[in-house]
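# Coordinates in review
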Amino acid sequence: MTSYHKPDEKTLQGLKDVANKLRIHSIKATCASNSGHPTSCCSAAELMSVLFFHTMRYKADDPRNQCNDRFVLSKGHAAPVLYAAWSEAGFVKESDLLNLRKIDCDLEGHPTPKLAFVDVATGSLGQGLGAACGMAYTGKHFDKSAYRVYCMMGDGECSEGSVWEAMAFASYYKLDNLVAIMDVNRLGQSEAAPLKHDMEIYRKRCEAFGWNTYVVDGHDVEELCKAFWQAQQVKDKPTCIVAKTFKGKGLKSKSDIEDLDNWHGKPIPKDRVDDILKDLQAQIQVPNKTLCPELPKDDTAPADLSAISMPSPPAYKKGEKMATRRAYGLALAKLGQASKRVVALDGDTKNSTFSETFKKAFPDRYIECFIAEQNLVGVAIGCATRDRTVAFASTFAAFFSRAYDQIRMGAISQSNVNLVGSHCGVSIGEDGPSQMALEDLAMFRAIPTCTVFYPSDAVSTEKAVELSANIKGICFIRTSRPDNEVIYSPDEKFEVGLAKVVRQSDSDCVTVIGAGVTLHEALAAADMLALEAAHLARKKIRVIDPFTIKPLDASTILSSARATRGQIITVEDHYKEGGLGEAVLSAVGKEPGIVVTRLAVTGVPRSGKSQELLDIFGISAKHIANAVRQTFAN
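Notes on the structure in this doc start here. Keep in mind that what you see is a predicted model, and the values were worked out from it rather than measured.

Scoring rules and cut-offs
Residues numbered from 1 in each chain as written. Predicted model: local features only at pLDDT ≥ 70, side-chain atom pairs only at ≥ 80, totals over all residues. Heavy atoms only, no water. Helix = DSSP H or I, 4+ residues; strand = E, 2+ residues; numbered from the N terminus. Contact = heavy atoms within 4.5 Å. Polar contact = N/O pair within 3.5 Å; in protein donor to acceptor, adjacent residues only side chain to side chain. Pairing = 2+ DSSP bridges. Axes fitted to C-alpha atoms, helices over the stretch in contact; angles between N-to-C directions. Phe/Tyr/Trp six-rings, centres within 6.5 Å; stacked < 30°, edge-to-face > 60°. Buried < 20%, exposed > 50% of the residue type's maximum accessible area, 1.4 Å probe, protein only. Lys NZ or Arg CZ within 6 Å of the ring centre and 35° of its normal. Arc of directions from axis to C-beta. Parallel < 35°, antiparallel > 145°, perpendicular 65-115°, else oblique. Nonpolar A, V, L, I, M, F, W, Y, C, P; charged D, E, K, R; others polar. Lys, Arg positive; Asp, Glu negative; His and termini not counted. Salt bridge = Lys/Arg side-chain N within 4 Å of Asp/Glu carboxyl O. Patch = residues over 30% accessible without salt bridge, like charges linked within 9 Å, V, L, I, M, F, W, Y side chains within 5 Å. Areas by Shrake-Rupley, 256 points an atom, 1.4 Å probe, with all protein chains shown as cover. Charge placed at Lys NZ, Arg CZ, Asp CG, Glu CD. Disulfide = S-S within 2.5 Å.

### Comments concerning the environment of H423
Among the secondary structure elements, H423 is positioned in the loop between strand 10 (417-422) and helix 15 (440-445). C-alpha separation for the pair H423 and W86, spaced 337 residues apart in sequence, amounts to 46 Å. Apart from the residues within four sequence positions on either side, H423 is in contact with R325, S352, F396, I428, Q435, M436, A437, T479 and R481. Here S422 takes part through its side chain, which lies 2.9 Å from a polar atom of the side chain of H423.

Listed below in structure tokens is the structure:
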């Protein structure tokens, strides 16, 4: 068995010197910006020094190299100490640190992947460990590589439930290549963290979640070197380094800042900064000694970024019935044949979302995240970093609402992750309102990098899955529970932002736009109106399937509206706010003479049969037909 070798005194002194250099950089940077969190940086200085210049293996001139160890700064407000570490490593110019938080500098207040050494954006606390779990799972099970993942958290963020979702995930999957570091500096933003410096409770909690745990003095570089080495020897368990630290460490003597309240998020006052910097500088014994990180093991291939295409066209025939949620599972399994980078995650709903189809075909590329949707999204984002995987994560669309913070941070992280929500709208039936996604389109339309697919049959669902795999940014695919007819031929071409006019004639007088189940209701309404004897020619309607709600095909909608006397009816299995109708209103808002009538779910729904609920909430075929008649009456 490998035995521990204590670093020599020169190395230990070098690590202490680097820690104080990190403090100096952090203080200078936050003073230059007149904002930031220098005290939060100072508590982590020794941790960062040992991690970056003794423990981690990486290419300092190539931070995003696929073989490098990964580091996630979950306590993102300590960004200056991260930037300082990369400056000491030689990647960031020291002069650039003084541009912290300036409009023309990518060294922002919290880390984002605009920087090559940042994989995921942090700053909304409690999210870093979930992403780190995704990276570690990918390294161990998909890449099967030697790189390790380190995630530094603050003690304050350990009040977030998402932290413990991630803790449970990591131990369940025995992620022994993952190390979490808790920087327990006692003080939060407005008062002390709940456990303060009760290190034994932190230990017991981590061990209860199945983690190998070490409680250490977070300012003792020798103790930290040993703990990180021990973590590398442990098999089948993730490790948590619970480090007792002091906020503002090193800012004591004349400054009177260390371990005191009311110094969170404040730069050092100008009348104190010179004395503090002199004091820290005096502690550095070998100013010019450079510690270099060891290089990683070169055992990970670059990501294959070639386009992913379905191996064959859709195998559906017009007229057969298939729920889009089932078509999603079949499509994903098919896509998995085309590329080994495709992976699937789910939150214990795989027999409803039909991601189980993928699991049966590729069990080694499927991750069960159980009922922890925040962690589900966080792990998916982690899996997708550095383009290691093309990740599809699925659950009931309603349950993505509890992971909305992870989703919006995924956009800031420039993540290419695909989220698939089933059981949308009242059409799910008897399960009732808690299971019905009625605000999901509004949620995802508000995400700046998000493409929102709303396929209406099995063929368009398969095309949506294929397109999502190749799109930069977040993709959301909304799938439905009811079985609906296949309306497209297998050779139908689909593009993002291009709608389909599925029913039209030269005498159309109203444009009806539906999506998912309501597209089929719109087609039924068109048939209903066509059978009416009176005023036959005047009651023909044009029916549009938008395919993507974002981006929306404004051109097709506008040209159809002009051809139908400016009359548009939208019908959606979603609340009025933020859904299809509002998307259409935004698209035609500057066009004079266009009237949009919106049919949508109003009020909180209830249990009932699918068709009953569509009728009650006025989005069924008969209500669409009535709306068309009312348009003529007006």
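### With respect to the sheet that holds strand 16 (residues 541-545)
Remark on secondary structure: sheet strands pair via backbone hydrogen bonds, oriented parallel or antiparallel. Pairing is mixed across the open sheet formed by five strands, whose spatial order is 14-16-15-18-19. Looking at strand neighbours, the two that pair on one side only are strand 14 (500-503) and strand 19 (595-601), the edges of this open sheet. In this sheet, adjacent strand axes meet at a mean angle of 25 degrees when their direction is disregarded. The sheet contact formed by strand 15 (residues 510-514) and strand 18 (residues 567-575) spans four bridges and is parallel. Paired with G514 across the strands is V571, a residue of strand 18. Lying on the sheet, helix 18 (residues 554-563) is in contact with strand 14, strand 15, strand 16 and strand 18; it crosses strand 16 at an angle near 175 degrees. In the packing of helix 19 (residues 580-588) onto the sheet, contacts are made with strand 15, strand 18 and strand 19, and the angle to strand 18 comes to roughly 145 degrees.

### Brief notes about the packing of aromatic side chains
Aromatic rings considered in pairs are described by the distance between their centres and by the relative angle of their planes. Across all of its chains, the model carries 25 aromatic pairs by this definition. Ring centres of W164 and F209 lie 5.0 Å apart, and the angle between their planes is 45 degrees; on these two criteria the pair is classed as tilted. Taken as a pair, W164 in helix 6 (residues 161-172) and F209 in the loop between helix 7 (199-208) and strand 4 (212-217) lie far apart in primary sequence, 45 residues in all. Accessibility expressed as a relative area gives 31% for F209, which makes it partly exposed. With centroids separated by 4.8 Å and ring planes inclined at 50 degrees, the aromatic side chains of F494 and F547 adopt a geometry described as tilted. Of this pair, F494 sits in the loop between strand 13 (484-485) and strand 14 while F547 is found in the loop between strand 16 and strand 17 (548-550), placing the two residues 53 residues apart along the sequence. With respect to class, F494 is no different from F547; both count as buried. Put simply, the rings of F52, Y58, F71, Y83, W86, F91 and F117 pair up and form one aromatic cluster. Sitting over the ring of F362, R365 keeps its end group 4.1 Å from the ring centre.

### Some details on helix 7
When helix 7 is considered as a whole, its buried residues turn out to be M199, Y202 and C206. Around the axis of helix 7, the buried residues are gathered within 60 degrees of arc, so they sit on the same side. Exposed residues pointing more than 90 degrees away from the buried face of helix 7 are listed as K204 and A208. On the buried face of helix 7, the contacting elements are helix 6, strand 3 (178-184), strand 4 and strand 5 (239-244). Trailing helix 7 by a residue or two, G210 shows a phi angle of about 90 degrees, which is positive.

### Observations concerning the packing of helix 18 against helix 19
Across the interface, helix 18 lies against helix 19 with an axial gap of 10 Å and an inter-helix angle of 80 degrees. The angle between helix 18 and helix 19 falls in the class roughly perpendicular. Packed against helix 18, whose contacting residues are A554, I557 and L558, the element helix 19 presents V584, A587 and V588 at the interface. Split into classes, the residues belonging to the contact of helix 18 with helix 19 amount to six nonpolar, no polar and no charged.

### Description of the pairing of strand 15
Here is the key point about a regular strand: its side chains alternate between the two faces of the sheet. Burial within strand 15 is extensive, with five of its five residues counted as buried. Here strand 15 shows a buried face lined by V510, V512 and G514 and a second buried face lined by T511 and I513. In terms of strand pairing, strand 15 meets strand 16 through four bridges, oriented parallel. Note that in strand 16 the partner of T511 across the bridge is R542.

### Observations concerning the side chain of R325
For R325, the position within the fold is in helix 10 (residues 324-338). Here R325 sits buried without a salt bridge, and the closest side chain of opposite charge, D483, lies 6.4 Å off (N-O distance). Setting aside residues up to four positions removed in sequence, R325 forms contacts with S352, T353, F354, S422, H423, T479, S480 and R481.

### Description of a negative patch on the surface
Among the surface-exposed residues, D271, D274, D275 and D279 lie close enough to one another that they form a single negatively charged patch. Relative accessible area serves as the criterion here: at 31%, D279 is assigned to the partly exposed category.

### What to know about the state of the cysteines
Per the counting criterion, the structure on display carries zero disulfides. The closest cysteine sulfur to the non-disulfide-bonded C41 is located on C42, 6.7 Å from its own sulfur. C292 takes part in no disulfide bond, and the closest cysteine sulfur to it belongs to C225, at a distance of 16 Å. Taking the relative accessible area as the measure of exposure, C292 reaches 58% and is therefore exposed.

### Thoughts on the sheet that holds strand 17
Taken in spatial order, the seven strands make up an open sheet running 8-7-9-10-12-11-17, and their pairing is mixed. Two strands close off the open sheet at either side, each with one partner strand: strand 8 (366-368) and strand 17. Each strand axis lies, on average, 20 degrees off the axis of its neighbour in the sheet, ignoring direction. With three bridges connecting them, strand 7 (residues 342-346) and strand 8 associate as parallel partners. Counterpart to A344 in the pairing with strand 8 is Y366. Seen against the sheet, helix 13 (residues 373-384) touches strand 7, strand 8, strand 9 (390-396) and strand 10 and runs at an angle of roughly 170 degrees to strand 9.

### Some words on the environment of I471
By secondary structure assignment, the location of I471 is in the loop between helix 16 (458-468) and strand 12 (475-478). Since its relative accessible area comes to 18%, I471 is described here as buried. Separated by 25 residues in the primary sequence, I471 and V496 place their C-alpha atoms 9.5 Å from one another.

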